[in-house]
Structure formats: structure tokens, C-alpha cells
Amino acid sequence: QVQLVESGGGLVQPGGSLRLSCAASGSIFRIYRMGWYRQALGKQRELVAATTNGDITNYADSVKGRFTISRDSANSTVYLQMNILKTEDTAVYYCNALLAAVGGTMRDYWGQGTQVTVSS
């Protein structure tokens, strides 16, 4: 069984920083992509940032220049460094991994979500 466990959310003032972490564990054969999505109250879930095995990264326009995604492949962990946070960044952040479990097919897995609140 594959699990994604997130950590690092919390309350921060505008202009502050937070770092999210997500560790994938279990019977993993191969990870193809890891990333972060977010869902604000009353809005649809949206991609924030993602990174592939080839170190190709993509970001939502709203976070470019402020957020940085990185990955520790040896530990199947992905990080999201969030700087210059704005009130509009407030949302539940979900870790996502496109991976194949041992004996399984490639599909998306999701973490349980971590709340990020930006407020003064």
C-alpha cells in the first residue's frame, strides 16, 4: 500500500514563508512525477507545482518566482518552499504523486492535505 504523508502547513503572516514536505512510502516500483495542488474554500483544486523524474518543473503562474518545488528522489520526498506568501495562497495543499506500485499500474495518489493560512 502506498501512502503520501504531508507536513509543514500552518498559519503565517503575509510576506512570510513556509516549507511543505511530502514523503511517499510503501511498495513503490517507480515514481514518475510528484507535485502539489491546492484547493481554496469554494474553489476547484488547482496545480501549484510539479516535478518529473527528468527534473522538469512547472508552476502555476500565480506562484512563479515565489514558490520552489524540489525533490529528494532517494527518499521519495518532495518539498514546496513558499516565500512571499499572500492571503490568496490560503488553501488546503495536497501532495500528488503519479507512480506505479509494485505489481500495479501507473496512477495518481494523493496525500490527506495540509492547511496553509496566510493572515495578519
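See the structure above.
Values in this document were obtained by computation on a predicted structure and should not be read as measured data.

For the rest of this paragraph, the subject is the overall build of the chain. For the chain, the helix and strand inventory stands at 0 helices and 11 strands. Written out in order from the N terminus, the α and β elements of the chain read β-β-β-β-β-β-β-β-β-β-β. Over its C-alpha trace the chain gives a radius of gyration of 14 Å, about what one expects of a compact globule, namely 14 Å for 120 residues. Counting only C-alpha atoms, the chain reaches 50 × 25 × 25 Å along its principal axes. Counting all 120 residues of the chain, 40% fall into the buried class. A separation threshold of at least 6 residues defines the contact pool for the chain, and within that pool the share at least 24 residues apart is 55%. Roughly 6400 Å² of accessible area belongs to the chain as shown, and the carbon and sulfur atoms make up 48% of that amount. Taking the average place of the 11 positive charges on the side chains of the chain and the average place of its 8 negative ones, the gap between the two points comes to 2 Å.

Pairing is antiparallel across the open sheet formed by 4 strands, whose spatial order is 1-3-8-7. Two strands lie at the open edges of the sheet, namely strand 1 (3–7) and strand 7 (67–72), each paired on one side alone. Between one strand and the next, the sheet's axes are offset by a mean angle of 15 degrees, whatever the strand orientation. Here 6 bridges tie strand 3 (residues 18–25) to strand 8 (residues 77–82), and the two strands are oriented antiparallel to one another. When the sheet's bridge partners are listed, leucine 20 is paired in strand 8 with leucine 80.

Covalently bonding the sulfur atom of one cysteine to the sulfur atom of another cysteine gives a disulfide. Scanning all chains against the criterion turns up 1 disulfide. The disulfide partner of cysteine 22 is cysteine 95, and the S-S distance across this bridge is 2.0 Å. The disulfide joining cysteine 22 to cysteine 95 has a torsion of about -80 degrees about its S-S bond and is therefore left-handed. A residue pair is termed long-range when its members are at least 10 positions apart, and cysteine 22 in strand 3 and cysteine 95 in strand 9 (residues 91–101) qualify at 73 residues. For the pair cysteine 22 and cysteine 95, one class covers both residues: buried.

A word on unusual backbone geometry. At isoleucine 84, a position not held by glycine, the phi torsion is positive, near 50 degrees. Of note, isoleucine 84 is situated in the loop between strand 8 and strand 9.

For the rest of this paragraph, the subject is the pairing of strand 10 (residues 106–110). Remember that side chains alternate between the two faces of the sheet whenever the strand is regular. Where strand 9 lies against strand 10, 5 bridges are found, and the strand directions are antiparallel. Within strand 10, the position partnered with asparagine 96 by the bridge is tryptophan 110. Hairpin connection, strand 9 to strand 10: the antiparallel pair is bridged by 4 residues, and glycine 103 has positive phi, about 80 degrees.

On to the packing of aromatic side chains, then. Scanning the model with the defined rule gives 1 aromatic pair in all. Between the aromatic rings of tyrosine 37 and tryptophan 110, the centroid separation amounts to 5.0 Å while the plane-to-plane angle is 65 degrees, which identifies the pairing as edge-to-face. Of this pair, tyrosine 37 sits in strand 4 (residues 28–39) while tryptophan 110 sits in strand 10, and the two are 73 residues apart along the sequence. Tryptophan 110 sits in the partly exposed class, given a relative accessible area of 37%. When the ring centre of tyrosine 79 is taken as origin, the NZ or CZ atom of arginine 19, which lies over that ring, is 4.1 Å away. Above the ring of tyrosine 109, the side-chain terminus of arginine 107 is found at 3.8 Å from the ring centroid.

To continue, consider the layout of surface pockets. Here the largest pocket defines a volume of roughly 180 Å³. Lining the largest pocket are 13 residues, with Arg38, Lys43, Glu46, Glu88 and Asp89 positioned closest to its centre. In the lining of the largest pocket, the residues fall into 2 nonpolar, 4 polar and 7 charged.

What counts and how
- Residues numbered from 1 in each chain as written.
- Predicted model: local features only at pLDDT ≥ 70, side-chain atom pairs only at ≥ 80, totals over all residues.
- Heavy atoms only, no water.
- Helix = DSSP H or I, 4+ residues; strand = E, 2+ residues; numbered from the N terminus.
- Rg over C-alpha atoms; globule rule 2.2 N^0.38 Å.
- Buried < 20%, exposed > 50% of the residue type's maximum accessible area, 1.4 Å probe, protein only.
- Contact = heavy atoms within 4.5 Å.
- Areas by Shrake-Rupley, 256 points an atom, 1.4 Å probe, with all protein chains shown as cover.
- Lys, Arg positive; Asp, Glu negative; His and termini not counted.
- Charge placed at Lys NZ, Arg CZ, Asp CG, Glu CD.
- Pairing = 2+ DSSP bridges.
- Axes fitted to C-alpha atoms, helices over the stretch in contact; angles between N-to-C directions.
- Disulfide = S-S within 2.5 Å.
- Phe/Tyr/Trp six-rings, centres within 6.5 Å; stacked < 30°, edge-to-face > 60°.
- Lys NZ or Arg CZ within 6 Å of the ring centre and 35° of its normal.
- 1 Å grid on protein atoms, 1.4 Å probe; cavity = no way out; pocket = protein on both sides within 12 Å on 5 of 7 lines; lining within 4 Å.
- Points joined across faces, edges and corners; volume = space filled by probe spheres on them.
- Nonpolar A, V, L, I, M, F, W, Y, C, P; charged D, E, K, R; others polar.

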